[in-house]
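So you can see what is in the structure, the chains are spelled out below.
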Protein chains: 2
Amino acid sequence: MTEQKPLRRRGRPRGGSDSRERIIAAAVDEFGEQGYDGATIRSIAARAGVDSALVHHYFGTKADLFAEAVGIPLRPDIDVPGILAGPRDEVGERLVRYVLEAFEQPDIRRRGVMLMRTAIGSRLTTPLLAGFLSRELIGRIAKQLGVDDAELRATLVASQIAGLLLTRYVLKIAPIAAASVDELVARIGPTVQRYLFG
Amino acid sequence: MTEQKPLRRRGRPRGGSDSRERIIAAAVDEFGEQGYDGATIRSIAARAGVDSALVHHYFGTKADLFAEAVGIPLRPDIDVPGILAGPRDEVGERLVRYVLEAFEQPDIRRRGVMLMRTAIGSRLTTPLLAGFLSRELIGRIAKQLGVDDAELRATLVASQIAGLLLTRYVLKIAPIAAASVDELVARIGPTVQRYLFG
């Protein structure tokens, strides 16, 4: 999931940057083995030989630690609620633009493609991506929508966004890979808008 | 891409079912190494130690041979043009229903998921899926639409279909994995319709 190798040092836990590194390494192992839903701060702390409170102190929530562990400086769990809270008739376009502008940044694109390839390519790591998307993105959108079929609406949005990222950045199918961000926002924004509010 | 192992027998090429098997094995190797676009009937024939004419005789076109090699009894290159030629205001719904009803069949689902995992998980085999989609599906839809931006329209359809298959059958995100085919046809059909004709 990341370029960091798990550290397997033995001996008494120390504080400082060494603890931070051991926690990240433990998180990479734990998320990889248990998936996003199965991994707990408690078990990551145990693996790193530190107290749970220290993990929370350094990294905050499980979503924070996940972002750190996979190394992707993109936080839909934080940014998307803000987009949803904006002008209602622009939500679809703003959401598509947010995702595309993030992936146009080489560092995010490189890591995002790696995460997609890894999570989809291996049965073992699929729950990592699925769990994060369900819990931190779809769940949050659904809660904010507050209608009966909100979970399905949010998942339909995720399906179109995932398909967009897949065809543009992984499969690189020519017309969608070559299109401008503005063009794709204009074409796909209304789809997201309809899934959310239609 | 398939459960068949390449046959590595030596000796003089023979006819009959042995040639068929050797051609399939050669196709699996060739598609895996060269991708869909890079593979040629000529090179597959050479690999199998037979004449190109024999490959065409047994398997028809490159698309036919690909379907046989990946073992998926689903032929969008044949079926989709028929759907597009049907009643215009139902094309979106019929296309989504066609894909979902195919993937509801365990054998197609199992092989389709395996193909997606393999093609996305490995940089080497990505051109296999991308090439087939571009050439045989998107290209054919675009040709039938016959408008200026037909290629982009067809690729947008592919992005939503790919995202649907990914979230429902690979990531298995609950609300979209549990939804009925009818529900998904009603929600996603209008998206496909708009991408094609909107």
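Only a predicted model underlies this, so the values are computations on that prediction, with no experimental measurement involved.

Conventions adopted
Residues numbered from 1 in each chain as written. Chains lettered and ligands numbered in written order. Predicted model: local features only at pLDDT ≥ 70, side-chain atom pairs only at ≥ 80, totals over all residues. Heavy atoms only, no water. Helix = DSSP H or I, 4+ residues; strand = E, 2+ residues; numbered from the N terminus. Rg over C-alpha atoms; globule rule 2.2 N^0.38 Å. Salt bridge = Lys/Arg side-chain N within 4 Å of Asp/Glu carboxyl O. Buried < 20%, exposed > 50% of the residue type's maximum accessible area, 1.4 Å probe, protein only. UniProt positions renumbered as here; feature names shortened; annotations may be inferred. Contact = heavy atoms within 4.5 Å. Least-squares fit on C-alpha atoms with pLDDT ≥ 70 in both. Expected span 1.5 Å × (residues − 1). Bend = angle between axes of the 7 residues up to and from the residue. Buried area = accessible area lost by both parts, 1.4 Å probe. Polar contact = N/O pair within 3.5 Å; in protein donor to acceptor, adjacent residues only side chain to side chain.

Colleague: Honestly, the overall build of chain A in this entry has me stumped. Any pointers?
Modeller: Looking only at helices and strands, chain A has 11 helices and zero strands in total. In chain A, the succession of helices and strands from N to C terminus is α-α-α-α-α-α-α-α-α-α-α. Taken against the 2.2 N^0.38 rule, which gives 16 Å for 198 residues, the C-alpha radius of gyration of chain A at 18 Å falls within 12% of a compact globule. Counting only C-alpha atoms, chain A reaches 55 × 40 × 30 Å along its principal axes.

Colleague: In this structure, what is going on with the pattern of salt bridges? I would like to understand it.
Modeller: A side chain with one charge can pair with a side chain of the opposite charge if their charged atoms come near. One pass over the structure, following the stated rule, counts 30 salt bridges over all chains. The closest approach of N and O atoms between Arg111 of chain B and Asp107 of chain B, which form a salt bridge, is 3.2 Å. Remark: Asp107 of chain B and Arg111 of chain B occur in helix H7 (residues 106-121); sequence separation between them is four residues, near one turn of the helix. Relative accessible area serves as the criterion here: at 34%, Asp107 of chain B is assigned to the partly exposed category. Beyond isolated ion pairs, a larger network of salt bridges with shared partners links Asp149 and Arg153 of chain A together with Glu183 and Arg187 of chain B.

Colleague: Any chance you could explain the UniProt feature "domain: HTH tetR-type" (unreviewed entry) in chain A here in plain terms?
Modeller: UniProt feature "domain: HTH tetR-type" (unreviewed entry): in the numbering of this structure it lies at residues 17-77 of chain A. Within residues 17-77 of chain A, the helical portion is 80% and the strand portion 0%, while the C-alpha atoms at the span's ends are 26 Å from each other.

Colleague: Looking at this structure, I do not really get the environment of Leu152 of chain A. What am I missing?
Modeller: Looking at where Leu152 of chain A falls in the secondary structure, it is placed in helix H9 (residues 150-170). Linking Leu152 of chain A and Tyr195 of chain A, residues 43 residues apart in sequence, is a C-alpha distance of 8.8 Å. Once residues lying within four places of it in the same chain are set aside, the contact partners of Leu152 of chain A are Pro175, Ile176, Ala179, Glu183, Leu184 and Arg187 of chain B.

Colleague: Sorry if this is basic, but what is going on with the UniProt feature "DNA-binding region" (unreviewed entry) in chain A here?
Modeller: Under the UniProt annotation, "DNA-binding region" (unreviewed entry) lies at residues 40-59 of chain A. With 80% helix and 0% strand, residues 40-59 of chain A has its two end C-alpha atoms placed 13 Å apart.

Colleague: Whenever I open this one, the relation of the copies chain B and chain A confuses me. Can you help?
Modeller: Both copies of the chain are related by one operation, a rotation about an axis with a shift along it. Rotating chain B by 180° and moving it 0.0 Å along the rotation axis overlays it on chain A with an RMSD of 0.0 Å. Look at the turn and shift together and you get a two-fold axis relating the two.

Colleague: What's the story with helix H11 (residues 181-197) of chain A in this structure? I'm lost.
Modeller: For an α-helix, the turn length of 3.6 residues means that residues three or four places apart are oriented alike. All names here are of chain A. End to end, H11 covers 23 Å across 17 residues, agreeing with the expected 24 Å (1.5 Å per residue, within 8%). Along H11, the largest kink reaches about 35° and is centred on Ile188; proline Pro190 follows within four residues of it. Every buried residue of H11 is accounted for by Val181, Leu184, Val185, Arg187, Ile188, Gly189, Thr191, Val192, Gln193, Tyr195 and Leu196.

Colleague: When you look at unusual backbone geometry in this model, what are you seeing that I'm missing?
Modeller: Working note: non-glycine residues mostly have negative phi, and peptide bonds are mostly trans. Phi at Lys172 of chain A takes a positive value of approximately 50°, unusual for a residue other than glycine. Lys172 of chain A gets classed as exposed once you look at its relative accessible area, which sits at 58%.

Colleague: Looking at this model, I keep getting lost on the interface of chain B and chain A. Mind explaining?
Modeller: Much of the literature gives interface size as the accessible area that the parts lose upon coming together. Facing 41 residues of chain B, the contacting portion of chain A comprises 41 residues. Interface area for chain B against chain A, summed over the two sides, is near 3400 Å², with a carbon-plus-sulfur share of 66%. Summed over the shared surface of chain B and chain A, the result is two salt bridges. Among the salt bridges present, the one from Asp149 of chain A reaches Arg187 of chain B, with a minimum N-O distance of 2.7 Å. Where chain B packs against chain A, one counts 16 residue pairs in polar contact (both at pLDDT 80 or more). Examining the composition of the side of chain B that touches chain A, we find that 14 residues originate from one element, helix H9 (residues 150-170) of chain B, more than from any other.

Colleague: In this structure, what is going on with helix H6 (residues 91-103) of chain B? I would like to understand it.
Modeller: Taking 1.5 Å per residue, 13 residues should reach 18 Å; H6 of chain B reaches 18 Å between its end C-alpha atoms and fits that length. Residues of H6 of chain B that are buried: Val91, Gly92, Leu95, Val96, Tyr98, Val99, Leu100, Ala102 and Phe103 of chain B.

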